[in-house]
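# Structure assessment
Each chain, written out:
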Amino acid sequence: MKNRKFYIIILGIILAVIGSSLILNNTASQEKLKIKAFYPEAQKIKLVKDIADDTFVSLNLPAVKRAYEVDGVIKAFVVSCVGYVGPIEVLAALDDESDELKGIEILNHNETVGYAEHIEENWFLERFKGIGANKYLNLVVLDKEKPEDIIQVTGATVSSQAVVNAVNTAIGAYQYKVHGIEMEKVPDVVSQEIWENDVNSFVINWDGGSQRIDTKKLKDFEQLDMSVVLINTTGTKTPMKVKGPSLRNILEKQGLDLSKFEGVGITGRDGYYTMIDREKLEANEVILVWEVDGKELKEEEKPVRVALPNEMGPYWVKMVSSIDLYEQISPKEIDKVYMFDALTGDIEPYYYEYYGSKDKSIEIGKILNKFDFVDEKGFFTMAASDGLIKNETISIVRQRYFIKVDGKNAPMNIAPNFKLGMNVKEMTHFSTTKDAVIFPKSMEKVVRTKEIQGQQGLLLEDVLITSGMIWEEDIALNVVNIDGSETVLDLKELSNYYITYRDKNVYLFHKDTQLMKNVLRIEKR
């Protein structure tokens, strides 16, 4: 009986070893096919056994999992680095003749859809082709200044850095095994500083004070439990049942009255920011959600996420890290309404690569520099043809925000931390406290129009009102040409003035008579 049990145990061990061997061999076979795609002329591809057991590799390049010889030279590596959710497994192929990367492939990952699925897109993977393998790569947010720079996937800093760490590990292992060069250590996790990994609390700031809220204590507040629908600007609708306290209730416990504040700025751990103005605060409860559809938030959405039931997706900030309360926001009094193309014609465009599309874009900071005065305590307001209106602080938009002016959904605001679907697309206009800038092609979707000489004529009165300009009867309205010439509008005839847009020029008409070409702005005098 004892011998029978012994044989059963031995048989189990043998079957386990055989099973593990079959799995390993199957994995190796699949990887060899992928490697063959990088080296189509290769005669022999061989798995290198126990490379991770090498002392230097295990201590300094812990992300190395497997390596392969290609015609006798070790130059293909399977490496794994922890991303936002879990390990990202990367195959990196190197060229020993040119000492460059041939390319990479993402073998496996569990990163969140909507945040980092784009790390598998060709436009991101192509960035690793032909880069020298004698230096470690460097992740950058926007501009590639050095050959070793890799521009991150927008809104996926942690996942992008994990891929770069994995590739750097392959470079380090290649240099060590092929050239005997010991490069610096590469971690197999992304540093905490990069992703600000505080998933257990968030801070509320106001003039003269602040309060850090532990997420465990959120359950102690009065809870809102309701069904809502998240609508992104891409048109995606996601019904969900959310649970959490209102911001109003939390502030009351701190002795603060939300109605006393002009606006609330909310920032996520990924750097995404949105502003909720007083009007929206009065119409909505800002719910600080800790439970969705009966389950606590996923790790990548903690500490809390915002639900704003009557507003679109750009206001529904995930992984909230800070909430800023603004006591004073300067009111708008629009004095000038500019035509975008005429205003920005002398600004050198930047070809911004955003989710694989490289489109002409204009930096907002350079546009602000053209205005006579910009009130830093005012809103920067963006409006879209679908009715979305989004406010930001001036200081935020100065920091590398762009207006994408061609390509899909243009004109649209973009920035390194703006995820697709959280933008203001097909923008009709934007404004500071004193100046507004319009996009006529989008504006024609929201104002009254009539056909003038084969073009869509936009009723100027509607354009000005939509842009936020208000005027009294004793105010003169001047139309200023790009060459400085002016035309004074007859306010009694305002309902008969139209503008048309052709070849980036704006034309002014009174009824069917053209009065001006190349309109720059309309201003109050």
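Rules behind the numbers
Residues numbered from 1 in each chain as written. Predicted model: local features only at pLDDT ≥ 70, side-chain atom pairs only at ≥ 80, totals over all residues. Heavy atoms only, no water. Phe/Tyr/Trp six-rings, centres within 6.5 Å; stacked < 30°, edge-to-face > 60°. Helix = DSSP H or I, 4+ residues; strand = E, 2+ residues; numbered from the N terminus. Lys NZ or Arg CZ within 6 Å of the ring centre and 35° of its normal. Pairing = 2+ DSSP bridges. Axes fitted to C-alpha atoms, helices over the stretch in contact; angles between N-to-C directions. Contact = heavy atoms within 4.5 Å. Buried < 20%, exposed > 50% of the residue type's maximum accessible area, 1.4 Å probe, protein only. Expected span 1.5 Å × (residues − 1). Polar contact = N/O pair within 3.5 Å; in protein donor to acceptor, adjacent residues only side chain to side chain. Salt bridge = Lys/Arg side-chain N within 4 Å of Asp/Glu carboxyl O.

All right, on to the packing of aromatic side chains then. Taken as a whole and assessed by the stated rule, the structure comprises twelve aromatic pairs. Aromatic pair Tyr350 and Phe402: ring centres 5.4 Å apart, planes at 40°, arrangement tilted. Within this pair, whereas Tyr350 is found in strand β20 (residues 350-354), its partner Phe402 is found in strand β24 (residues 402-404), the two being separated by 52 residues in sequence. By the ring-pair criterion, three or more aromatic residues cluster together here, those being Trp123, Tyr350, Tyr352, Tyr354, Tyr355 and Phe402. One Lys or Arg, Arg502, reaches over the ring of Tyr507 and ends 4.5 Å from the middle of that ring.

What follows concerns the sheet that holds β20. Taking strand neighbours across the sheet as the criterion, the four strands line up as β20-β21-β24-β25 in an open arrangement whose pairing is antiparallel. Here the strands that pair on one side only, and so sit at the sheet edges, are β20 and β25 (412-414). Each adjacent strand pair in this sheet contributes to an overall mean axis angle of 50°, direction not counted. Relative to β25, β24 runs antiparallel, the two sharing three bridges. Across the sheet, residue Phe402 finds its bridge partner in β25, namely Ile414.

Let's shift gears to the side chain of Lys280. Looking at where Lys280 falls in the secondary structure, it is placed in helix α7 (residues 278-283). Ignoring anything within four residues of it in the chain, the contact list for Lys280 reads Glu311, Tyr315 and Ile389.

Ordered by their spatial adjacency, five strands build an open sheet running β28-β29-β32-β33-β34, and the pairing between neighbours is antiparallel. Looking at the sheet topology across the chains shown, the edges are occupied by β28 (449-452) and β34 (513-516). Put simply, the sheet's adjacent strands are angled 40° from each other on average, direction ignored. Here β28 runs beside strand β29 (residues 455-459); their pairing, made up of four bridges, is antiparallel. Within β29, the residue paired with Ile452 across the bridge is Gln455. Across the sheet, helix α12 (residues 460-467) touches β29, β32 (497-502) and β33 (505-510), and the angle it forms with β29 is around 60°.

This part is about unusual backbone geometry. The omega torsion of the bond from Lys302 to Pro303 falls at 10°, within 30 degrees of zero and hence cis. For Pro303, the position within the fold is in the loop between β16 (295-296) and β17 (305-307). A cis amide bond, omega -5°, links Ala410 with the succeeding residue Pro411. You can see Pro411 is positioned in the loop between β24 and β25. Although it is not a glycine, Asp99 sits at a positive phi angle of roughly 60°. Mapped onto the elements, Asp99 comes out in the loop between β4 (87-95) and β5 (100-108). In this model, Lys511 sits at a positive phi of 55°, which is unusual for a non-glycine residue. Considering the arrangement of structural elements, one finds Lys511 in the loop between β33 and β34.

Here we take up the environment of Ile347. Looking at the element boundaries, Ile347 is found in the loop between α8 (340-344) and β20. Its relative accessible area of 10% is what places Ile347 among the buried residues. Residues Ile347 and Glu363, 16 residues apart in the sequence, show an inter-C-alpha distance of 8.6 Å. With near-sequence residues (within four places) excluded, Ile347 lies in contact with Ile362, Lys366, Ile367 and Lys370.

A regular strand carries its side chains on alternate faces of the sheet. Bridge count for strand β8 (residues 201-206) against strand β18 (residues 320-326) is three bridges, and the pairing is parallel. From the neighbouring strand, Val203 faces β18, where its bridge partner is Ser322. Relative to β18, strand β12 (residues 263-268) is paired through six bridges, and the arrangement is antiparallel. Each bridged residue has a counterpart across the sheet, and for Ile266 the counterpart in β18 is Ile323.

With that settled, the discussion passes to the environment of Ala410. Residue position: Ala410 is located in the loop between β24 and β25. The spacing of Ala410 and Lys65 is 345 residues in sequence and 44 Å in space, taken between C-alpha atoms. Look past the residues within four positions of Ala410 in its chain and what remains in contact with it is Lys404, Val405 and Glu426.

This next bit is on helix α4 (residues 157-179). For α4, spanning 23 residues, the distance from its first C-alpha to its last is 32 Å, which sits close to the expected 33 Å at 1.5 Å a residue. A large share of α4 lies buried, amounting to 18 of its 23 residues. Just downstream of α4, Gly180 is the residue with a positive phi angle, here 70°.

Moving on: the side chain of Asn391. Along the chain, the position of Asn391 falls in strand β23 (residues 389-393). Within the structure, Asn391 has its side chain in polar contact with the side chain of Asp277 (distance 2.8 Å). Of note is the side chain of Asn391, whose polar atom sits 2.5 Å from the side chain of Thr381. Apart from the residues lying within four places of it in its own chain, the contact partners of Asn391 are Thr274, Met275, Asp277, Tyr315, Phe379, Phe380 and Thr381.

Here the focus is the pattern of salt bridges. This structure, assessed with the given rule, holds 29 salt bridges. The partner of Glu89 in a salt bridge is Arg66, with the nearest N and O atoms 3.6 Å apart. Of this pair, Glu89 sits in strand β4 while Arg66 sits in strand β2 (residues 64-70); the two residues are 23 residues apart in sequence, bridging distant segments of the chain. We note that Glu89, like Arg66, is buried. A salt bridge links Arg127 to Glu353; the shortest N-O distance between them is 2.8 Å. You can see Arg127 sitting in the loop between α3 (122-125) and β6 (138-140) and its partner Glu353 sitting in strand β20, a full 226 residues away along the chain. The exposure class of Glu353 is partly exposed, given its relative accessible area of 22%. Beyond isolated ion pairs, a larger network of salt bridges with shared partners links Glu486, Arg521, Glu523 and Arg525.

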